[in-house]
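Chain by chain, the residues:
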Amino acid sequence: MLVDPADLTAADHLDAAREMAATNRPFLAHLLAEEAARRTADPATAAGIRAAFPDPNLTRTETY
């Protein structure tokens, strides 16, 4: 079944972000969480979503 992306809610994106995080796909989780935050009206809730799924490019540590 095809779904129009415009019909997806912030909760749909947040659920998908959690699924991507659980399957070790942090960048996809981050992108989905950003979209969920963008669709969230409350700025505090949006900030919490962004904090829960930080950009993995900014938080990774190099191992040698």
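Up top you'll find the structure we're talking about.
This section reports on the structure supplied with the text. (Residues numbered from 1 in each chain as written. Predicted model: local features only at pLDDT ≥ 70, side-chain atom pairs only at ≥ 80, totals over all residues. Heavy atoms only, no water.)

Focus on the nonpolar core
Core analysis: the biggest nonpolar cluster contains 10 residues, these being Leu-14, Ala-17, Met-20, Ala-29, Ala-33, Ala-36, Ala-37, Ala-46, Ile-49 and Phe-53. Broken down by secondary-structure element, the contributors of at least two residues to this core are α1 (10-22), α2 (26-38) and α3 (43-52). Sorting elements by how many residues they give to this core places α2 first, with 4 residues. Ignoring any residue separated from it by four or fewer positions in sequence, one finds Ala-37 in contact with Ala-46, Ile-49 and Arg-50. (Core = buried A, V, L, I, M, F, W, Y, C linked by side-chain atoms within 4.5 Å. Buried < 20%, exposed > 50% of the residue type's maximum accessible area, 1.4 Å probe, protein only. Helix = DSSP H or I, 4+ residues; strand = E, 2+ residues; numbered from the N terminus. Contact = heavy atoms within 4.5 Å.)

Observations concerning the side chain of His-13
Mapped onto the elements of the fold, His-13 is located in helix α1. Take His-13: its relative accessible area is 9%, and that puts it in the buried class. Within the local environment of His-13, its side chain forms a polar contact with the backbone oxygen of Thr-9, the two atoms lying 3.0 Å apart. If sequence neighbours within four positions are ignored, His-13 has contacts with Leu-8, Leu-32, Glu-35, Ala-36 and Arg-39. (Polar contact = N/O pair within 3.5 Å; in protein donor to acceptor, adjacent residues only side chain to side chain.)

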